[in-house]
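Examination of the molecular architecture
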Amino acid sequence: MTTTYARRMRAMKPSTIREMLKLAEQPGVISFAGGLPAPELFPVDDIRAAAERVLAESGAQAFQYGASEGIVTLRARIADEMGDRGITCSAEDVLITTGSQQGLDLLGKVFLDPGDVILTETPTYLAAIQAFQCFEANFQPVATDDDGVIPEAVDELAAAGRVRFLYVIPNFQNPTGRTLSLARRRQLAEIAARRRLLIVEDDPYARLRYRGEHLPPIKSFDASGQVIYLSTFSKTVAPGFRIGWIVASGPMRDKLVIAKQAADLHTSSFDQLVLDRYLRDFDNRQHVERVCAAYGERYAVMDEALRRHMPEGFSWTRPEGGMFLWVSGPKTIDAMAVLAEAIDQGVAFVPGADFFPCGGGENHMRLNFSNADVRSIRDGIARLAEICARAW
Ligand SMILES: Cc1ncc(COP(=O)(O)O)c(C=O)c1O
């Protein structure tokens, strides 16, 4: 008997890369593949103390159903942090989500009909492509350079046809590590207002800057209410909390709350209370500084190892923060073939093609530098470079 699945499942293909990367999870493999924070830096003792206090003082609330929007004190704390990033909003404008990933799914539910067009950077975040594919969206990649997505190209595409929204990752983008320039942030906000173009600004890495100046988000220039901002505690506390948020107001926020109710009623009350307590009782700024110091060092070690070992013809980005850099090889390089050999040699990364929603990108590799220690980074890059030299 054959099983009939929903039409939307046709667009959702199993990933050969994911299958290959399962091999990378074996012990002994140096993995630059995942997007994992450094687990040894998780503030486990502080979280334990926060959890004990929640259990002692707010056990009943922690295990009861709660509001779909999230716990008010946490939302107010986030609204304050948004103020520090230049976004004026109140607790009412903040919707807690089960990770930013749920935020992307809710945006898909609220805004996408089959066939709707989404503008994306080239390349863009793989799991955003997957989230929007569930709603049978079509992707229109926008020209992108080292300063991020090119506003004139966005303007042209927005003028030419019906576009549902622009999806953009402004800081230390996943997968390239690129950052959208200040001038372009202003320009995009201006285009959003003039063209009534919705912008989804997905900003999980804002606080992971270890060189240069923090830049204000696109949302901070948004006078027209066309920019929806997402962020998360996954990189600044721990991804296991699965707590992120969306900043949106008025009817948009109301629709997102309805979608959230339908998805999971609310994000875990216990998790929200523990996170809120942790943020109240401990110095998260200091924690993030420690994380930035460690990632900054790992990045520098990776960059140095790449300079030392990579053959000519390969280039890579020099991010000022985040968790990834992006290696581009000569056009003839097939990163999938490199990966197959790399796994044999005990090194893993993600080939670039998966980050291009409309095909291409076979000669690129995404390398994560937050999860491996410096010795493994040196060793892994030396092995990878040897394979690249042979493939070239
Ligand atoms: C650009 C981007 N958006 C969203 C997410 C999802 O984050 P979360 O753990 O909050 O679901 C990630 C995670 O790596 C990401 O890189």
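Before reading on, note that the structure itself is shown above.
A brief report on the enclosed structure follows. (Residues numbered from 1 in each chain as written. Predicted model: local features only at pLDDT ≥ 70, side-chain atom pairs only at ≥ 80, totals over all residues. Heavy atoms only, no water.)

1. Points about the packing of helix α2 (residues 44–62) against helix α9 (residues 269–281)
Relative orientation and spacing of two packed helices are given, respectively, by the angle between their axes and the distance between those axes. Short version of the rule: Comment: axis = line fitted to C-alpha atoms, over the contacting stretch for helices; angle = value between 0 and 180 degrees taken between N-to-C directions. Where helices and strands are cited, they refer to DSSP runs of H or I of at least four residues and of E of at least two residues respectively, numbered from the N terminus. Angular relationships are summarised with four words: roughly parallel below 35 degrees, roughly antiparallel beyond 145, roughly perpendicular across 65 to 115, and oblique for the angles in between. Left-handed describes a crossing in which the near helix is turned anticlockwise from the far one by less than a right angle; the clockwise case is right-handed. Note on definitions: a residue-residue contact is assigned when non-hydrogen atoms from the two residues lie within 4.5 Å. Residue polarity is assigned by list, with Asp, Glu, Lys and Arg as charged and Ala, Val, Leu, Ile, Met, Phe, Trp, Tyr, Cys and Pro as nonpolar; anything else, Gly included, falls into the polar class.
In the contact formed by α2 and α9, the axes pass within 8 Å of each other and the chain directions differ by 125°. It follows from the interaxial angle that α2 and α9 lie oblique. Between α2 and α9 the crossing geometry is right-handed. For the pair formed by α2 and α9, the contact residues are D46, I47, A50, A51, R53, V54, L55, E57, S58, Q61 and A62 on the first element and S269, F270, L273, V274, R277, Y278 and D281 on the second. Split into classes, the residues belonging to the contact of α2 with α9 amount to 10 nonpolar, 3 polar and 5 charged.

2. Side note on empty space enclosed by the protein
Selection rule: Both site types are read off a 1 Å grid over the protein atoms alone. A 1.4 Å probe that fits but cannot get out defines a cavity, while an open set with protein on both sides within 12 Å along at least five of seven lines defines a pocket; lining residues have an atom within 4 Å of a point. Grid points are joined across faces, edges and corners, and a volume is the space filled by probe spheres set on the points.
The final tally for this structure, using the stated rule, is 2 cavities of 30 Å³ or more. In this structure, the largest cavity spans a volume of roughly 60 Å³. Looking at the largest cavity, it is lined by 13 residues, and the ones nearest its centre are E121, T144, G148, Q173 and R178. Tallied by class, residues from the lining of the largest cavity come to 5 nonpolar, 6 polar and 2 charged. Taken as a whole, the second largest cavity holds about 50 Å³ of empty space. Forming the walls of the second largest cavity are P37, A38, L41, F42, K235, T236, V237, H287, V291 and Y295. Of the residues that constitute the lining of the second largest cavity, the class distribution is 7 nonpolar, 2 polar and 1 charged.

3. Thoughts on unusual backbone geometry
Cut-off, in case you're wondering: Residue exposure (1.4 Å probe, protein chains only): buried if accessible area is under 20% of the type maximum, exposed if over 50%, otherwise partly exposed.
Cis geometry marks the peptide bond from T122 to P123; its omega dihedral reads -5°. With respect to the helices and strands, P123 occurs in the loop between β3 (117–121) and α5 (126–133). With an omega dihedral of 20°, the bond running from N174 to P175 counts as a cis peptide bond. In the Ramachandran plot, F172 falls in the positive-phi region, its phi being about 45° despite a non-glycine side chain. Here F172 is to be found in the loop between β7 (165–168) and α7 (182–195). The class of F172 is buried, set by a relative accessible area of 1%.

4. A closer look at the environment of G380
Looking at the secondary structure, you find G380 in helix α12 (residues 374–391). Overall, G380 belongs to the buried group, its relative accessible area being 0%. Setting aside residues up to four positions removed in sequence, G380 forms contacts with I30, F32 and V347.

5. A look at the sheet that holds strand β11 (residues 315–316)
Inclusion rule: We treat two strands as partners when DSSP finds at least two bridges between them.
One open sheet holds the 4 strands; their spatial order is β11-β12-β15-β14, and the pairing between them is antiparallel. Strands with a single pairing partner mark the edges of an open sheet, and in this sheet they are β11 and β14 (350–351). Where β14 lies against strand β15 (residues 364–368), 2 bridges are found, and the strand directions are antiparallel. The partner of P351 across the bridge, within β15, is M365. Strands β11, β12 (324–328) and β15 of the sheet are contacted by helix α10 (residues 284–309), whose axis makes an angle of about 15° with β12.

6. Focus on the site of the ligand
Counted only if it meets this: Any residue with a heavy atom positioned within 4 Å of a molecule or strand is treated as near that molecule or strand. N or O atoms closer than or at 3.5 Å make up a polar contact, with two conditions inside protein: a donor-capable atom paired with an acceptor-capable one, and, for residues adjacent in sequence, both atoms drawn from side chains. Areas reported as accessible are Shrake-Rupley estimates using a 1.4 Å probe. Residue values count occlusion only from the protein chains shown. A pocket or cavity is taken to hold a molecule when more than half of that molecule's atoms are within 2 Å of the pocket's grid points.
The local shell around the ligand holds 13 residues, among which S100, D202, Y205, T232 and S234 are the closest. Here S100 contributes a backbone N or O atom positioned 2.7 Å from an oxygen atom of the ligand. Contacts to the ligand include N174, whose side-chain N or O atom sits 2.9 Å from an oxygen atom. Contact with the protein chains hides 93% of the accessible area of the ligand, taken as 400 Å² for the molecule alone. Given that more than half its atoms are within 2 Å of the pocket grid, the ligand belongs to the largest pocket. Considering every element that reaches the shell around the ligand, the biggest residue donor is helix α4 (residues 99–111), with 3 residues.

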